[in-house]
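Architecture at a glance
Each chain, written out:
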Number of protein chains: 2
Amino acid sequence: MSFDLTDFLPYLLNQAAEAASLEFQREYKARYGMLRTEWRVLFHLGRYGEMSARDIVERAMIHKTKVSRAVAALEGRRFLTRREVEEDRRREVLSLTAQGRDAFTELTALAEAHDATLLRGVPEADAEVVRQVLRQIAGL
Amino acid sequence: MSFDLTDFLPYLLNQAAEAASLEFQREYKARYGMLRTEWRVLFHLGRYGEMSARDIVERAMIHKTKVSRAVAALEGRRFLTRREVEEDRRREVLSLTAQGRDAFTELTALAEAHDATLLRGVPEADAEVVRQVLRQIAGL
DNA sequence: TGATAATAGTTGAAAATGTAACTAACAAGA
DNA sequence: TCTTGTTAGTTACATTTTCAACTATTATCA
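The present account deals with the structure reproduced in this document. From a predicted model like this one, the values you see are computed outputs, not experimental measurements. (Residues numbered from 1 in each chain as written. Chains lettered and ligands numbered in written order. Predicted model: local features only at pLDDT ≥ 70, side-chain atom pairs only at ≥ 80, totals over all residues. Heavy atoms only, no water.)

Focus on the overall build of chain A
Going by this rule: Working definition: helices are DSSP H or I runs of at least four residues, strands are E runs of at least two. Numbering for both runs from the N terminus. Relative accessibility decides the category of a residue: with a 1.4 Å probe and only protein chains considered, values under 20% of the type maximum give buried, values over 50% give exposed, and everything between is partly exposed. Contacts are assigned to residue pairs that have any heavy atoms within 4.5 Å of one another. Positive charges come from Lys and Arg alone, negative charges from Asp and Glu alone, with His and the N- and C-terminal ends not counted. Working definition for charges: the position is that of NZ of Lys, CZ of Arg, CG of Asp or CD of Glu.
Tallying secondary structure elements over chain A gives 6 helices and 3 strands in all. Walking chain A from its N terminus toward its C terminus, one meets helices and strands in the order α-α-β-α-α-β-β-α-α. Along the three orthogonal principal directions, the C-alpha set of chain A runs to about 60 × 30 × 25 Å. When the 140 residues of chain A are sorted by exposure, 47% land in the buried category. Long-range pairs, those at least 24 residues apart, make up 52% of the contacts in chain A with a sequence separation of at least 6. Distance between charge centroids for chain A: 5 Å, based on 22 positive and 22 negative side chains.

A word on the packing of helix H2 (residues 36-48) of chain B against helix H4 (residues 64-76) of chain B
Two packed helices can be described by the angle between their axes and the distance between those axes. Residues and elements named next belong to chain B. For clarity, the cut-off: Helix axes use the C-alpha atoms of the stretch in contact, all axes being lines fitted to C-alpha atoms, and the angles between their N-to-C directions lie in the range 0 to 180 degrees. Just so you know how the angles are binned, under 35 degrees is roughly parallel, over 145 roughly antiparallel, 65 to 115 roughly perpendicular, and the rest oblique. By the convention adopted, Pro, Cys, Tyr, Trp, Phe, Met, Ile, Leu, Val and Ala count as nonpolar, Lys, Arg, Asp and Glu as charged, and the other residues, Gly among them, as polar.
One can describe the packing of H2 onto H4 by two numbers: an axis separation of 9 Å at closest approach and a directional angle of 80 degrees. By the criterion of interaxial angle, the relationship of H2 to H4 is roughly perpendicular. For the pair H2 and H4, contact is made by Thr37, Glu38, Val41 and Leu42 and by Lys66, Ala70, Val71, Ala73 and Leu74, respectively. Tallied by class, the residues present in the contact of H2 with H4 amount to 6 nonpolar, 1 polar and 2 charged.

A word on unusual backbone geometry
Note: most residues except glycine have negative phi, and most peptide bonds are trans. Residue and element names in this part refer to chain A. One non-glycine residue with positive phi stands out, namely Met61, at about 55 degrees. Looking at the secondary structure, you find Met61 in the loop between helix H3 (53-60) and helix H4 (64-76). The phi dihedral of Arg78 falls on the positive side, at around 65 degrees, and the residue is not glycine. Within the secondary structure, Arg78 sits in the loop between H4 and strand S2 (80-84). When its relative accessible area of 59% is taken as the criterion, Arg78 is described as exposed.

Remarks on the interface of chain A and chain B
Here is the rule we go by: Two parts placed together each lose some accessible area; with a 1.4 Å probe, that loss summed over both constitutes the buried area. Salt bridges, as used here, are contacts in which a Lys or Arg side-chain nitrogen is within 4 Å of a carboxyl oxygen on Asp or Glu. For this analysis, a polar contact is any N or O atom pair within 3.5 Å, provided that within protein one partner can donate a hydrogen and the other can accept it, and provided that sequence-adjacent residues contribute only side-chain to side-chain pairs.
Listed per partner, the contact involves 52 residues of chain A and 52 residues of chain B. Carbon and sulfur atoms supply 65% of the area that chain A and chain B bury against each other, a total of about 5100 Å² over both sides. Linking chain A with chain B are 1 salt bridge. B:Arg135 is the partner of A:Asp7 in a salt bridge, and the nearest nitrogen-oxygen pair spans 3.0 Å. Where chain A touches chain B, the interface holds 14 residue pairs in polar contact (both at pLDDT 80 or more). Those elements that provide at least two residues to the side of chain A that touches chain B are helix H1 (9-32), helix H2 (36-48), H3, helix H5 (98-118) and helix H6 (124-138) of chain A.

Some thoughts on the protein's contact with DNA strand C
Definition in use: A molecule or strand has a residue near it when one of that residue's heavy atoms lies within 4 Å.
In the vicinity of DNA strand C there are 19 residues, among which A:Arg54, A:Ser68, A:Arg82, A:Arg90 and B:Arg69 approach most closely. Close to the protein, within 4 Å, the atoms of DNA strand C belong to sugar or phosphate groups at a rate of 55%. A:Ser68 places a side-chain nitrogen or oxygen 2.6 Å from a phosphate oxygen of DNA strand C. Here a phosphate oxygen of DNA strand C and a side-chain polar atom of B:Lys66 are 3.4 Å apart.

Focus on the protein's contact with DNA strand D
The environment of DNA strand D is made up of 19 residues, and the closest members are A:Arg69, B:Arg54, B:Ser68, B:Arg82 and B:Arg90. When the atoms of DNA strand D within 4 Å of the protein are sorted by group, sugar and phosphate make up 63%. The side chain of A:Lys66 places a nitrogen or oxygen atom 3.4 Å from a phosphate oxygen of DNA strand D. Within the backbone of A:Arg89, a nitrogen or oxygen atom sits 2.9 Å from a phosphate oxygen of DNA strand D.

Rendered as structure tokens:
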């Protein structure tokens, strides 16, 4: 039989994703009491600027109920604020507070360092191949 | 700012893992009403032969409570059976039923096909680089 | 205009997961 | 033997996630 579990891409991706998130998760959990979805929402706002919950849903491919709850939690802890949009009163534009930006800055620095650790010993050319293939799979 | 979200490995891994699992998950869910952990337990038994829950915990790095519940579910749906071990009555050896083996065979074929789809257009050398790096990150 | 559909976001209940505590069996040393 | 510790596996409870309504607003089109 030729097919090993560690050849199976969804499995391998899941294991790698879990391992990669684990250490970093401890950071944002311990420092800011954040959940993973909250960190991802924060990251999107920090990296790409203010946007609506719907934009985050689309870009991050996170379900809208998760985003809704993450936004509520981040708002409660004063990491972001909502602003009504006049031309469409269903929507609310989200933006980070100063505190949210600080958290973003600190966590991003940690994330970059963490990335380097994960790819220790991997030639940059190979790392780029990995990113490329992952983007394809993720549909990005 | 130099750091793009799609360069950030844990993020990229998560997105790819989620996208990769999605379609396949629909298969085992729709056909067999299986959860992800259940499919993974089934896979281990189908691929590597009978073993105890503890062995699966170690090999698959799934938490023992998840394995315990998956085993109970698979047993309830007659995909596997337990057998007591005389020399250590704490342990139970698990093995697939004929029905379990059928499911394994069918799902494995689907898994292989799914893998090929995910890697469409990716040279085999690159695919191997990806698997290698993912194994490193996952600690496999 | 008015009816129907679509969209943004929220909420409640059900399902799944994680954590810790638990039972039962074995192990090892005084 | 008796105590203490370890291991296999299960269960209970709290937290998260998922799924299916639901509200409120905007869009479409006869």
